[in-house]
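A structural walkthrough
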Amino acid sequence: MEVHLLHSTNIFINLAMEQSLFLSMRRRPAQRLLLIWKNDPCVVMGRFQNPWLECDLEKMRSHNVGLARRQSGGGTVYHDRGNLNASFLDWNENYSKESINHILIETLNQALKERGLTAFASGRSDIQIETAQGNRKVSGAAFKKKKDRSFHHATMLLNSQLDLLNQYLTPKYDQEQMSTKAIASVRANVANIQVCENDFKSSLIKNFENFHKQKAQIFEWDEARILKRLEGRRDYYHHLISWEWIYGETPLFETCLQEADWSARLKVKKGVIKEALLEHEGLHPSFLQEMSVLLEKTKLTKASLKECFKNSLAKSYEKEAGLLEKMLTQAFTPL
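Here goes a summary of the coordinates provided. These figures come from a predicted structure and were not determined experimentally.

1. A look at the pattern of salt bridges
- Scanning the entire structure with this criterion turns up 12 salt bridges.
- Note that Arg-32 and Asp-90 form a salt bridge whose closest N and O atoms lie 2.7 Å from each other. Residue Arg-32 is found in the loop between α1 (11–23) and β2 (33–37), and its partner Asp-90 is found in strand β6 (residues 83–91); the two are separated by 58 residues along the sequence. Each member of the pair, Arg-32 as well as Asp-90, carries the same accessibility label: buried.
- Here Glu-249 makes a salt bridge to Arg-47, at a shortest N to O gap of 3.1 Å. On the criterion of sequence distance, the pair formed by Glu-249 in the loop between α9 (243–246) and β13 (253–259) and Arg-47 in the loop between β3 (42–45) and α2 (51–54) is long-range, its members being 202 residues apart.
- Each of Lys-38, Glu-197 and Lys-201 takes part in salt bridges that share partners, so that together they form one network.

Here you go:
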């Protein structure tokens, strides 16, 4: 049984390290791992989510807050150094969501005892505490299961900046503006538990050991050591930071954009326009049809849209085409 303390605060490096440890687990003797880590400010989506429906991409970009897509399911969360992440890696025959919740709740209740607060599993893959203002979520979870092994992510709001959490997780669009097959996050009232990070980590490790009745071997990883370990499998890291993973894995969605005289109905799959229906009362229908065809197969990136509108067809109506390009660029690739 092992505990790995990751001292990197880079979300992509940490997720790549998690993947590396997960795929290299030993079968005999069977390994059971706990990873503890935190990140610089970033937003982390679930595997099957739509970034345009989950967060304010424009505000995040202006504040230099990164966006990541993890391999597990679940909803979108905000990470900063006041949020602690715990990943439980185990073999399928030993994995139990209830057991992990027990360890987390035991740790929480020990930390909250003096304040007279009680933690409990809500039944919706999160842990809440009872407060005078009502129940508040303090921990969320997401899961991934392979043929023989599983991992269980858990967040823990210790001293996170909740005002920023609410800002970044308030998207520009909503379900009425985009119909999608993506999994939507379940919004909840949240709270910090306001405890010392080192005390909480020590208690979590102790409860992990007590529950499994084993002493864990502790491994500490600074960022340089993690990168050295990843040298042989840099594809983990490069995959996680790629446009194709972060945006290109977005499930099918449809939306209608309107600005000035333009109306654009789009069907988008994996970040690429599959169908486009353009309307503009002042332009000839043949141009609109040809422009629609030109937009198909275009990635929702600033560079790809710019390349599309460099076409001689778009120059036939340069001013109007420029407004269409601006509308699409602002909607999907904010500066």
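2. Notes on the packing of aromatic side chains
- Scanning the entire structure with this criterion turns up nine aromatic pairs.
- Look at Phe-22 and Phe-151: their rings are 4.8 Å apart centre to centre, the planes differ by 75°, and that puts the pair in the edge-to-face class. One end of the pair, Phe-22, is in helix α1; the other, Phe-151, is in strand β10 (residues 149–157), and 129 residues separate them in sequence. With respect to burial, Phe-22 and Phe-151 carry one shared label: buried.
- Chaining the aromatic ring pairs together yields one cluster made of Trp-52, Trp-243, Tyr-247, Phe-253 and Phe-332.
- The residue whose ring lies beneath Arg-27 is Trp-91, and the NZ or CZ to ring-centre distance is 4.3 Å.

3. A short note on α1
- For α1, which comprises 13 residues, the first-to-last C-alpha distance of 18 Å matches the rise-based estimate of 18 Å (1.5 Å per residue) to within 8%.
- Across the 13 residues that make up α1, a large majority, 12, are buried.
- For α1, every residue scored as buried is listed here: Ile-11, Phe-12, Ile-13, Asn-14, Leu-15, Ala-16, Met-17, Glu-18, Gln-19, Ser-20, Leu-21 and Phe-22.
- With a side-chain oxygen lying 2.9 Å from the backbone nitrogen of Phe-12, the N-terminal cap of α1 falls on Asn-10.

4. Describing the side chain of Gln-128
- Mapped onto the elements of the fold, Gln-128 is located in strand β8 (residues 126–131).
- According to the relative accessible area criterion, Gln-128 is buried, its value standing at 9%.
- With residues near it in sequence (within four places) discarded, Gln-128 still touches Thr-118, Ala-119, Phe-120, Ser-122, Asn-135, Arg-136, Lys-137 and Val-138.

5. Digging into the packing of α1 against helix α8 (residues 234–241)
- It is at 9 Å that the axes of α1 and α8 come closest, and there the two elements cross at 135°. Taken as axis vectors, α1 and α8 run oblique relative to one another. Two packed elements cross with a definite hand, and for α1 against α8 that hand is right-handed. Note on element contacts: α8 touches α1 through Tyr-236, Tyr-237, Leu-240 and Ile-241, opposite Phe-12, Ile-13, Leu-15, Ala-16, Gln-19, Ser-20 and Leu-23.
- Along the lines of polarity and charge, the residues of the contact of α1 with α8 split into nine nonpolar, two polar and no charged.

6. Let's talk about the state of the cysteines
- On inspection of all chains with the given rule, the structure shows zero disulfides.
- The thiol sulfur of Cys-55 is not disulfide-bonded, and the nearest other cysteine sulfur, from Cys-42, lies at 11 Å.
- The class of Cys-55 is buried, set by a relative accessible area of 2%.

Criteria and cut-off values
Residues numbered from 1 in each chain as written. Predicted model: local features only at pLDDT ≥ 70, side-chain atom pairs only at ≥ 80, totals over all residues. Heavy atoms only, no water. Salt bridge = Lys/Arg side-chain N within 4 Å of Asp/Glu carboxyl O. Helix = DSSP H or I, 4+ residues; strand = E, 2+ residues; numbered from the N terminus. Buried < 20%, exposed > 50% of the residue type's maximum accessible area, 1.4 Å probe, protein only. Phe/Tyr/Trp six-rings, centres within 6.5 Å; stacked < 30°, edge-to-face > 60°. Lys NZ or Arg CZ within 6 Å of the ring centre and 35° of its normal. Expected span 1.5 Å × (residues − 1). Polar contact = N/O pair within 3.5 Å; in protein donor to acceptor, adjacent residues only side chain to side chain. Contact = heavy atoms within 4.5 Å. Axes fitted to C-alpha atoms, helices over the stretch in contact; angles between N-to-C directions. Parallel < 35°, antiparallel > 145°, perpendicular 65-115°, else oblique. Left-handed = near helix turned anticlockwise from the far one by under 90°. Nonpolar A, V, L, I, M, F, W, Y, C, P; charged D, E, K, R; others polar. Disulfide = S-S within 2.5 Å.

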